[in-house]
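Descriptive structure summary
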Amino acid sequence: MINGLTIAGSDSCGGAGIQADIKTMSANGVFAMSVITAVTAQSTQGVFSIEDISSNMIKKQINVIFDDIDVNVIKIGMVSKKESINAIVESLREIRNLPPIVIDPVMVSKNGFNLLSKDAKDALITNLIPFATLITPNILEAEEITNERILTLDDMKKAVEAILNLGPKAVLIKGGHLKGDAIDVLYDGIEFTIFEKERIENDNTHGTGCTLSSAIAANMAKGMSLKESVALAKEYVTNAIKHGFTLGKGIGPTHHFYKFYNNQGEFIVKKEKNKFYDLIENHKNKDEFDLKSKKIYLITDYRLDFDILVEKVRIALECGIKIVQYRAKEKSTKDMCAEARVLKQLCHEYNAIFIVNDRVDIALVVDAHGVHLGREDMKISEAKKILGEGKIIGATAHNEKEALEAISEGATYLGVGALYKSKSKSNTVNLSIKTLQKIKKITDNPIFGIGGITENNINSSLRENIDGVAVISAIFQTNNIKNTIKEINENLK
Ligand SMILES: Nc1ncnc2c1ncn2[C@@H]1O[C@H](COP(=O)(O)OP(=O)(O)O)[C@@H](O)[C@H]1O
Ligand SMILES: Cc1ncc(COP(=O)(O)O)c(N)n1
Ligand SMILES: [Mg+2]
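Keep in mind the model is a prediction, meaning the values are calculated, not measured.

**Some points on the site of ligand 1**
Near ligand 1 you find 15 residues, and of these Lys110, Lys174, His177, Asp184 and Ile200 are the closest. At 2.4 Å from an oxygen atom of ligand 1 is found a side-chain nitrogen or oxygen belonging to Lys110. Side-chain polar atom of Asp184 to an oxygen atom of ligand 1: 2.4 Å apart, as the coordinates give it. Compared with its free state, where it exposes 550 Å², ligand 1 has 94% of that area covered by protein. Classifying every residue of the shell around ligand 1 by side-chain character gives 4 nonpolar, 5 polar and 6 charged.

**Points about the nonpolar core**
Leu343, Phe354, Leu414 and Val471 are the most contacted members of the largest nonpolar core, which totals 71 residues. By size, the runner-up hydrophobic cluster in this structure holds 43 residues, among which are Val35, Ile76, Met107 and Met156.

**Details of the site of ligand 2**
Surrounding ligand 2, one finds 16 residues, the nearest of these being Gln42, Lys110, Gly207, Gly209 and Cys210. When the free accessible area of ligand 2 is taken as 370 Å², the share hidden by the protein chains comes to 98%. The set of elements that each furnish at least two residues to the shell around ligand 2 consists of strand E1 (3–11) and helix H7 (208–221). Classifying every residue of the shell around ligand 2 gives 5 nonpolar, 9 polar and 2 charged.

**Quick notes on the packing of helix H3 (residues 82–94) against helix H4 (residues 121–128)**
Two packed helices can be described by the angle between their axes and the distance between those axes. The geometry of H3 relative to H4 is characterised by a closest axis approach of 8 Å and an angle of 15 degrees between their N-to-C directions. When the axes of H3 and H4 are compared, the pair comes out roughly parallel. As H3 packs across H4, the resulting crossing turns out to be left-handed. Along its contact with H3, which presents Lys82, Ile85, Asn86, Ile88, Val89 and Leu92, the element H4 presents Ala123, Leu124, Asn127 and Leu128. Looking at the contact of H3 with H4 residue by residue, the class counts come to 7 nonpolar, 2 polar and 1 charged.

**Description of the side chain of Asn202**
Secondary-structure assignment places Asn202 in the loop between strand E9 (192–197) and H7. Judged by relative accessible area, which is 15%, Asn202 ranks as buried. At a separation of 2.9 Å, a polar atom in the side chain of Asn202 contacts the main-chain amide nitrogen of Asn204. If we skip the residues at most four places from it in the chain, Asn202 touches Ile241, Lys242 and Gly244.

**With respect to the pattern of salt bridges**
Taken as a whole and judged by the stated rule, the model has 21 salt bridges. The salt bridge involving Glu198 is made with Lys242; its shortest N-O contact spans 3.3 Å. One end of the pair, Glu198, is in the loop between E9 and H7; the other, Lys242, is in helix H8 (residues 226–242), with 44 residues separating them in the sequence. Judged by relative accessible area, which is 39%, Glu198 ranks as partly exposed. Overall, Lys242 belongs to the partly exposed group, its relative accessible area being 44%. Through salt bridges with shared partners, a single network forms among Arg375, Lys401, Glu402 and Glu405.

**Let's talk about the packing of helix H5 (residues 139–146) against helix H6 (residues 153–164)**
Across the interface, H5 lies against H6 with an axial gap of 10 Å and an inter-helix angle of 55 degrees. Classed by the angle they form, the pair H5 and H6 counts as oblique. Here the hand of the crossing between H5 and H6 comes out left-handed. Facing H5, whose interface residues are Ile139, Ala142, Ile145 and Thr146, H6 presents Met156, Ala159, Ala162 and Ile163.

**Some words on a positive patch on the surface**
On the surface, Lys222, Lys259, Lys379 and Lys385 cluster together to form a positively charged patch. For Lys222, the position within the fold is in the loop between H7 and H8. In this structure Lys222 comes out as partly exposed when scored by relative accessible area, which is 36%.

**Some thoughts on the sheet that holds strand E12 (residues 353–357)**
Spatially, the 8 strands close up into a barrel ordered E10-E11-E12-E13-E14-E15-E16-E17, and their pairing is parallel. Within the sheet, the average angular offset between the axes of one strand and its neighbour, ignoring direction, is 25 degrees. Two elements, E12 and strand E13 (residues 370–373), share 3 bridges in a ladder whose sense is parallel. Bridged to Val356 within E13 is Val371.

Reading the values: the criteria
Residues numbered from 1 in each chain as written. Chains lettered and ligands numbered in written order. Predicted model: local features only at pLDDT ≥ 70, side-chain atom pairs only at ≥ 80, totals over all residues. Heavy atoms only, no water. Near = heavy atom within 4 Å. Polar contact = N/O pair within 3.5 Å; in protein donor to acceptor, adjacent residues only side chain to side chain. Areas by Shrake-Rupley, 256 points an atom, 1.4 Å probe, with all protein chains shown as cover. Nonpolar A, V, L, I, M, F, W, Y, C, P; charged D, E, K, R; others polar. Core = buried A, V, L, I, M, F, W, Y, C linked by side-chain atoms within 4.5 Å. Buried < 20%, exposed > 50% of the residue type's maximum accessible area, 1.4 Å probe, protein only. Helix = DSSP H or I, 4+ residues; strand = E, 2+ residues; numbered from the N terminus. Axes fitted to C-alpha atoms, helices over the stretch in contact; angles between N-to-C directions. Parallel < 35°, antiparallel > 145°, perpendicular 65-115°, else oblique. Left-handed = near helix turned anticlockwise from the far one by under 90°. Contact = heavy atoms within 4.5 Å. Salt bridge = Lys/Arg side-chain N within 4 Å of Asp/Glu carboxyl O. Patch = residues over 30% accessible without salt bridge, like charges linked within 9 Å, V, L, I, M, F, W, Y side chains within 5 Å. Lys, Arg positive; Asp, Glu negative; His and termini not counted. Charge placed at Lys NZ, Arg CZ, Asp CG, Glu CD. Pairing = 2+ DSSP bridges.

See below:
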């Protein structure tokens, strides 16, 4: 599990501070840890009181974590006192191999309350900011740091340059407090990158800065580049603001978990629109693809000569197989394109769905219905960029975490396994029915069980938790394809 540490203040109403950071990292697939620097008595209406945690306790929290855990990213938010800033600096100095550090130099809350004591600004600028891989001031904070007014995009550009001179590796000034579109400016000493999104007419923006910086940190922890981290985080915070809701009488929070809930506040990962079936329903052969019955998903066996393979696939199609995946290993791209084209045409004759394993480029070239991506392949979001909407993107998942990740990224179906020891894939780990049940709870999208499935090992607990079975050897290594398919179909009923 990738993890992130937030060093920040507690916001009792949960929209900003440590609470926003933990929610944001969690919603972005990163395990969140926290070092609390101060506790605020805060509501949507303002900050009513601040009590700082002692320097000693701040250091202890940091030290015990680093003694024990490899931290993938640090995010630093509100640190209100000079002593607290210096305590963090001392702890950071003792850590070898520091991970990337995102600093959100929190100075005032949305309602205009000071979160940084007057004498702490110098310590923040001189001692802490130089540690930053990225620093993310809002307009007011950038003005405080540079002592210049910022009113235009040009002013923002001047300010990022000035702040970069203080020692961070990159600076992002957030334009939330300006008028017009929400424009943020990133500068890494080489080039300016502008991130622009429409301004959302929603007053519930409590915690947007904390949310943005934590999302950037989470993305960095996952190994994304700086620009990619900011771009995706900007997308995330924009959506979180869009779904921001009224809570209390003041400035309400953004919705950190908007991806997982519908407008009625119900948890929706499971109830998400079933894109796989939609895609097939839009497909001209929808009547042929009976969505109610369980399916055999045939994956081609790369150990066979292609001519023999084609004949066997044809027999399988004649026996009613409705989904075929082309899986090849150690073949030239040229040959793979040619073979994929033949199989695509064959599937077309039988009104079957044709999927290409691993290779998004080949799926695109032969206009397959989609692609199947394993854990080592291109990310689902990247494949989507290439293939566009309207294509099936299947993903392999070996456990609940991978399944959730794949579904959140937009997988249209899951291949989960290995259920049994397989003849066509070594080094596979067996997956228990319990795990299968957990995965089933995550999504309504189709789940195909995979790994060593034969006509003899489909039992009721397996049947209840899958929508179909993906097979290779069972069909390609039998001497009676017709019978085997009949038996598997019987066992799936
Ligand atoms: N009303 C809004 N609509 C869209 N984006 C916004 C809005 N308000 C803030 N943002 C964006 O939210 C992020 C946080 O910025 P900002 O609100 O300026 O920070 P802070 O919360 O620290 O004051 C930035 O990416 C900013 O552009
Ligand atoms: C404890 C704490 N930390 C930070 C903020 C800043 O919030 P914003 O993200 O709106 O700038 C806050 N209001 N409270
Ligand atoms: Mg802020």
